[in-house]
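Take a look at the letters that make up each chain.
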Amino acid sequence: NKKIQDNFQRNLLINPHVKKSLKSRNQKLNILFKIDTTGKVFSAKARARNLVLEKEALRLVKRLPTFTPARVDGKACIMPYILPIEIIIPKGENK
């Protein structure tokens, strides 16, 4: 989870439209998605106070690779995930 969170934060801040849209140095974002029995992400949603940030997060979720699906009693199953991300822009970094 930490690796995915760090990757999302880095990629979100690369987009200049996202960076310019941030009104404060700290932003919180929750990404909700499910991984199906084949390991593909579906039913993705993002929740943030910033619509540009939500849209970019959803774009990045669609680019996630195929995962190893969760298993219950040896059978692949659908598993929901919530990925909380806190975006912190370091002081002195231009928007």
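Residues numbered from 1 in each chain as written. Predicted model: local features only at pLDDT ≥ 70, side-chain atom pairs only at ≥ 80, totals over all residues. Heavy atoms only, no water.

Visitor: How would you summarise the packing of aromatic side chains if you had to cite specific residues and measurements?
Guide: In the structure shown here, the tally under the stated rule is 1 aromatic pair. Ring centres of F33 and Y81 lie 5.8 Å apart, and the angle between their planes is 20 degrees; this geometry places the pair in the stacked category. With F33 in strand β1 (residues 26-35) and Y81 in strand β5 (residues 79-88), this pair connects stretches of sequence that are 48 residues apart. Taking relative accessible area as the criterion, Y81 reaches 34% and is therefore assigned partly exposed. (Phe/Tyr/Trp six-rings, centres within 6.5 Å; stacked < 30°, edge-to-face > 60°. Helix = DSSP H or I, 4+ residues; strand = E, 2+ residues; numbered from the N terminus. Buried < 20%, exposed > 50% of the residue type's maximum accessible area, 1.4 Å probe, protein only.)

Visitor: Account for the sheet that holds strand β2 (residues 41-48), with residues named and values stated.
Guide: An order of β2-β1-β5 is seen for the 3 strands of this open sheet, with the pairing classed as antiparallel. The open sheet is flanked by β2 and β5, the only strands paired with a single partner. Shown here is a sheet whose adjacent strand axes are inclined to one another by a mean of 20 degrees, direction ignored. For β1 and β2, the ladder comprises 6 bridges, and the chain directions are antiparallel. Each residue of the ladder has a partner; that of I31, found in β2, is A46. Across the sheet, helix α3 (residues 51-62) is in contact with β1, β2 and β5; its angle to β2 comes to roughly 160 degrees. (Pairing = 2+ DSSP bridges. Axes fitted to C-alpha atoms, helices over the stretch in contact; angles between N-to-C directions. Contact = heavy atoms within 4.5 Å.)

Visitor: Outline the pattern of salt bridges, listing residues and values.
Guide: Once the charged atoms of two side chains with opposite charge are near each other, the side chains can pair. Tallying each qualifying case throughout the model produces 1 salt bridge. R59 is the salt-bridge partner of E56, the closest N and O atoms lying 2.7 Å from each other. Pair noted here: E56 and R59 are both in helix α3, with a separation of 3 residues, about one helical turn. For E56, a relative accessible area of 7% gives the class buried. (Salt bridge = Lys/Arg side-chain N within 4 Å of Asp/Glu carboxyl O.)

Visitor: Can you tell me about the environment of A57, naming the residues and giving the values?
Guide: Looking at the secondary structure, you find A57 in helix α3. Looking at A57, the relative accessible area reads 0%, which means it is buried. When the C-alpha atoms of A57 and N11 are compared, they prove to be 9.0 Å apart, with 46 residues separating the residues in sequence. Dropping the residues within four chain positions of it, A57 is found in contact with F8, L12, L29, I31 and A46.

Visitor: Can you lay out the layout of surface pockets for me, pointing to particular residues and giving the numbers?
Guide: Taken as a whole, the largest pocket spans an internal volume of roughly 170 Å³. Surrounding the largest pocket, I4, N7, F8, N11, L60, R63, L64, P65 and F67 form its lining. In terms of residue count, helix α1 (residues 2-14) provides more of the lining of the largest pocket than any other element does, 4 residues in total. Looking at side-chain class alone, the lining of the largest pocket contains 6 nonpolar, 2 polar and 1 charged residues. (1 Å grid on protein atoms, 1.4 Å probe; cavity = no way out; pocket = protein on both sides within 12 Å on 5 of 7 lines; lining within 4 Å. Points joined across faces, edges and corners; volume = space filled by probe spheres on them. Nonpolar A, V, L, I, M, F, W, Y, C, P; charged D, E, K, R; others polar.)

Just geometry here; none of it tells us what the structure is for.
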